[in-house]
Structures are given as structure tokens and as C-alpha cells.
Amino acid sequence: MTSQASDPTRLLENSLESGRIHSAYLISGAGEAPRHAALWFARGVACTAQKAQPRPCGECPACHRSQTRDGAEGCIALDGTGKSGPLYRHIGEHADLYWIERGRDDTRVRIGQIRALQKALRLGANEGGWRVAVVAEAEWLNAEAQNALLRLLEEPPPRTCLILVSARASALLATIRSRSVKVVFPSEERPALRGDDVAEETAALVERFDGIVTASLGELVGWAEEYRGPRASSAEKVDALLALGSEWLRDQVHTRVRAGERDLEGALDAWKTLSRCRRDLATRNANPQMIAEKGLIAVRLAVGR
Ligand SMILES: [Zn+2]
């Protein structure tokens, strides 16, 4: 379906103006912009202002109910299990606007959260209008949860709109992407690896990657062992490590191309391995330490001498 890289919000504005709301949107891109767009659009769909007015109008009863404190989507913490916190929350106090994201200590959006949403959406709308469910951090849905979501997309309940928000659309199943209207914000800005503005932590990692060309297998295993610990925090650290590793590898490839080298297959294979590792980390119950090891070894094999 339509993709608009130039002005991502224009497509959403058109939907609101025309009243033609699709059953699913996939808003992707880096930073907070996709989340804010999802929140704004969900409120706009629920807004009951007259057609000519821009939505959300901020004045109607629906807008009052969907108003969130401090401009965020609300501060009720989800825990992903429904034990100490809810599985989903509402946007403001609007009973037909739902918001799902990872629980505070969770690595992934859990299947139980999607099931709870399915159940809620099967019941009729509370206020008789549209229902909108935002699934934030959708790249952190595991395969089972993605399949549950797919069933929802295949047979969407009437007057129901699902909004998936993801930093990387490619992390979602192709079958989910093809059923969604895509709204594309600029993707992850390529981080600078060297120079005065680089964060100390990044500079330290870059230095270690620079040394990887002569690192022994034992050194790499030791490096990966640093990512032992609670899964949620290790997974994020390993994801950051692999993201940086990909950038570092890209730099290496550019340097080699400039030097006239043509045999780059090894580096490209390693780059693919890193992408696959990041996906496994997000969508499967992969062990972060093992994933770190796999990624580091792939880089070493590609560039080592
Ligand atoms: Zn309104």
C-alpha cells in the first residue's frame, strides 16, 4: 500500500479529513516521532468534531477523554503479565482507545497482551464510534504475538483501527506489513563512530571493534560474557552492540571499496548475520550472550587477518 517518505503525517491527515480510516497502519521510523504520530492519529480518529474541523479538535468530549497527562500517552506502567500492572492501558480515559507496549521489565511485547487486546476488541465499542489500538514497539513482538496480531488484521472487527509503531518495519512479518498502510518517518540516524562529539561509551566500543581484526576466539567469548545478566537489560545492550557493529562494518566496507578492494562478500555476509542476530534477539527467546558471541565472531571472520 501507499508509502510516503516525503511528508509522513500528510497521509494520516488525509485519512482524518476524508473519514476513510483504514483497518491497519504501520508507522515506522526512529525516535519519538512515530509514537507521537500514532497518539495524535488515534485521538483524531476518536474525535467527534464536525467534519470541516481539524482533528483532534481538543474541544469535544472525546478529545477531553483522550487527553493524556504531560502530553505522553499516559503513565500507567504495563508489566506485560497483568499481575502487578495491566496488559494494556487506555489513551487518557477514553474507553475505546487502547495502548500496548513492552512491560517495564520485559524484553518483548507478550502474546498475552495481544490476546487481551483481541478479547477487548471483540466486544463492541464502548462509546459507539471507532476503536483504535496502538501497538508501540512492535519490533519487539515475538513470532507468536505477531501471528496473533495477523489474525486480527485478517479479520478486523468493524470500525476498528490498529496502529503499529516500530523503529524498524522490517522486523515485522511481511504478511503484517502488506496488510497495513505504511507511514514512513526517517529511519535511525546513522551514528557517528569517531570524532569529538562521540559519546564515551560509543568511542570505547569502536576502539574494541578496531581491535577485533587481531582478537582471538577466547577474547570474543570473553567480550560476549559481559552481556550475561537479566535478559531485558542484556538484550538492549546487545542490540546496541550489534547496531554499532553494523555501522563499524559499513565503515570498513567503504574504506575497502575506496582502496580498490572488490572481494567484499565476507563483510556483507557478516552484516546480514548481524541483522539476523538483532531480529532473533527481538522476536525469539534468544540468549543475549550467545547472540553477542555469534555477532562478534561473524565480524571477526569477515575482517580478521
Ligand atoms: Zn475532538
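Quick notes on the rules
Residues numbered from 1 in each chain as written. Predicted model: local features only at pLDDT ≥ 70, side-chain atom pairs only at ≥ 80, totals over all residues. Core = buried A, V, L, I, M, F, W, Y, C linked by C-beta atoms within 7 Å. Buried ≥ 20, exposed ≤ 12 C-beta atoms within 10 Å, placed from the backbone. Domains from an automatic or database assignment. Contact = placed C-beta atoms within 7 Å. Pairing = 2+ DSSP bridges. Helix = DSSP H or I, 4+ residues; strand = E, 2+ residues; numbered from the N terminus. Axes fitted to C-alpha atoms, helices over the stretch in contact; angles between N-to-C directions. Parallel < 35°, antiparallel > 145°, perpendicular 65-115°, else oblique. Left-handed = near helix turned anticlockwise from the far one by under 90°.

1. Some points on the nonpolar core
Consideration 1: Ala38, Ala42, Val132, Val134, Val135 and Ile163 are the most contacted members of the largest nonpolar core, which totals 71 residues.
Consideration 2: Counting contributing residues, this core receives three or more from each of domain 1 (8-184) and domain 2 (200-303).
Consideration 3: Apart from the residues within four sequence positions on either side, isoleucine 163 is in contact with Tyr25, Ile27, Ala38, Phe41, Ala42, Val132 and Val134.

2. What to know about the domain arrangement of the protein chain
Consideration 1: If you check the domain split of the protein chain, you get domain 1 (8-184) and domain 2 (200-303).
Consideration 2: Averaged C-alpha coordinates put domain 1 and domain 2 at centres separated by 33 Å.
Consideration 3: At the junction of the two partners, domain 1 supplies nine residues and domain 2 supplies seven residues.

3. Re the sheet that holds strand β2 (residues 89-90)
Consideration 1: Spatial ordering of the open sheet is given by β2-β3-β4-β5-β1-β6, a layout of six strands whose pairing is mixed. One side of each edge strand has no neighbouring strand; the edge strands of this open sheet are β2 and β6 (181-184).

4. Some words on the environment of glutamine 113
Consideration 1: Within the secondary structure, glutamine 113 sits in helix α4 (residues 111-122).
Consideration 2: On a C-alpha basis, the gap between glutamine 113 and threonine 81 in space is 7.6 Å, while along the polypeptide they are 32 residues apart.

5. Concerning the packing of helix α7 (residues 200-210) against helix α9 (residues 231-258)
Consideration 1: Their axes nearest at 10 Å, the elements α7 and α9 cross at an angle of 60°. By the angle class used here, α7 and α9 are oblique. For the element pair α7 and α9, the recorded crossing hand is right-handed. Of the residues in α9, those in contact with Thr202, Leu205, Val206 and Phe209 of α7 are Leu241, Leu244, Gly245 and Trp248.

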